[in-house]
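# Observations on the three-dimensional arrangement
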Amino acid sequence: MPTLSVNGLAMDVQAEDDMPLLWVLRDVLNLTGTKYGCGIAACGACTVLIDGQPVRSCSYPLSGVGEGRIVTIEGLSPDTTHVVQRAWAELDVPQCGYCQSGQILAAVALLNETPEPTDADIDAAMTNICRCGTYPAIRAAIHRAAELAKG
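Residues numbered from 1 in each chain as written. Predicted model: local features only at pLDDT ≥ 70, side-chain atom pairs only at ≥ 80, totals over all residues. Heavy atoms only, no water.

## Examining the overall build of the chain
Across its full length, the chain holds 6 helices and 5 strands. Each helix (α) and strand (β) of the chain, taken in turn from the N terminus, gives the series β-β-α-β-β-β-α-α-α-α-α. Rg of the C-alpha trace for the chain: 15 Å, near the compact-globule value of 15 Å for 151 residues, within the 12% margin. Its C-alpha atoms give the chain principal-axis dimensions of roughly 45 × 30 × 25 Å. (Helix = DSSP H or I, 4+ residues; strand = E, 2+ residues; numbered from the N terminus. Rg over C-alpha atoms; globule rule 2.2 N^0.38 Å.)

So, in structure tokens, the structure goes:
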């Protein structure tokens, strides 16, 4: 039985090694903030962070996690005060909201690597799909989060 580090907690998991991380999170650990979108790692709704890097969990096997530290949307901030979450709320980014947990975590990873991203940096890093087309709001929120992070 593997032990995973999820949102800062050690969690014992009873699952097959080839089970996609998405289903481990949702069905085994009951962390349902990570969404199923396409099942082929194309849309990014299932994005989580492993050691700070964005991972499309629908196609990432449990066996690939190893000692990695997983962060889901539930673990990003206990009270939604992470700068990216604050910027998302301030600019009212979500429409349907389905893809937003993945979008937020992808934005966190981007800002961790590039604290002051250009539009080109954002376009290159944010490959998650939003069916509602909130891309301009997502870009603006990432810029706003960068401002908030600076103080």
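## Focus: the state of the cysteines
Following the criterion strictly, the structure yields 0 disulfides and no others. No disulfide involves Cys46; its sulfur sits 3.7 Å from that of Cys58, the nearest cysteine. Left without a disulfide partner, Cys96 is nearest to the cysteine sulfur of Cys132, which lies 3.7 Å away. (Disulfide = S-S within 2.5 Å.)

## Focus on the sheet that holds strand E4 (residues 53-56)
Strand pairs in the sheet, formed through backbone hydrogen bonds, run parallel or antiparallel to each other. Taken in spatial order, the 5 strands of this open sheet run E2-E1-E5-E3-E4, and their pairing is mixed. Strands with a single pairing partner mark the edges of an open sheet, and in this sheet they are strand E2 (9-12) and E4. Looking at each pair of strands side by side, their axes are set apart by 40° on average, direction ignored. The pairing of strand E3 (residues 47-50) with E4 spans 4 bridges and is classified as antiparallel. Opposite Ile50, over in E4, you have Gln53 as the bridge partner. Lying over the sheet, helix H1 (residues 21-28) contacts strand E1 (3-6), E3 and strand E5 (69-71), oriented at roughly 100° with respect to E3. (Pairing = 2+ DSSP bridges. Axes fitted to C-alpha atoms, helices over the stretch in contact; angles between N-to-C directions. Contact = heavy atoms within 4.5 Å.)

## With respect to the packing of helix H4 (residues 100-113) against helix H6 (residues 135-150)
As a packed pair, H4 and H6 sit with axes 11 Å apart at the nearest point and diverge in direction by 45°. For the element pair H4 / H6, the angle class is oblique. Between H4 and H6 the crossing geometry is right-handed. Residue-level inspection shows Gln103, Ala107, Leu110 and Leu111 of H4 in contact with H6, the latter providing Ile138, Ile142, Ala145 and Ala146. Partitioning the contact of H4 with H6 into residue classes produces 7 nonpolar, 1 polar and no charged. (Parallel < 35°, antiparallel > 145°, perpendicular 65-115°, else oblique. Left-handed = near helix turned anticlockwise from the far one by under 90°. Nonpolar A, V, L, I, M, F, W, Y, C, P; charged D, E, K, R; others polar.)

## What about the packing of helix H3 (residues 83-90) against H6?
At their nearest, the axes of H3 and H6 sit 8 Å apart, and the two run at 130° to each other. Accordingly, the angle class assigned to the pair H3 and H6 is oblique. The handedness of the crossing between H3 and H6 comes out as right-handed. Between H3 and H6, the residues in contact are Val83, Val84, Arg86, Ala87, Trp88 and Glu90 and Ile138, Ala141, Ile142, Arg144, Ala145, Leu148 and Ala149, respectively. Partitioned by chemical class, the residues of the contact of H3 with H6 number 10 nonpolar, no polar and 3 charged.

## Digging into the pairing of E2
Relative to E2, E1 runs antiparallel, the two sharing 4 bridges. Looking across to E2, one finds that Leu4 is bridged to Met11. Once E1 ends, the chain turns through 2 residues before running back antiparallel as E2, passing Asn7 with a positive phi of about 55°.

## Section: H1
Regarding H1, the residues found buried are Leu21, Leu22, Val24 and Leu25. Contacts from the buried residues of H1 go to E1, E3 and E5. (Buried < 20%, exposed > 50% of the residue type's maximum accessible area, 1.4 Å probe, protein only.)

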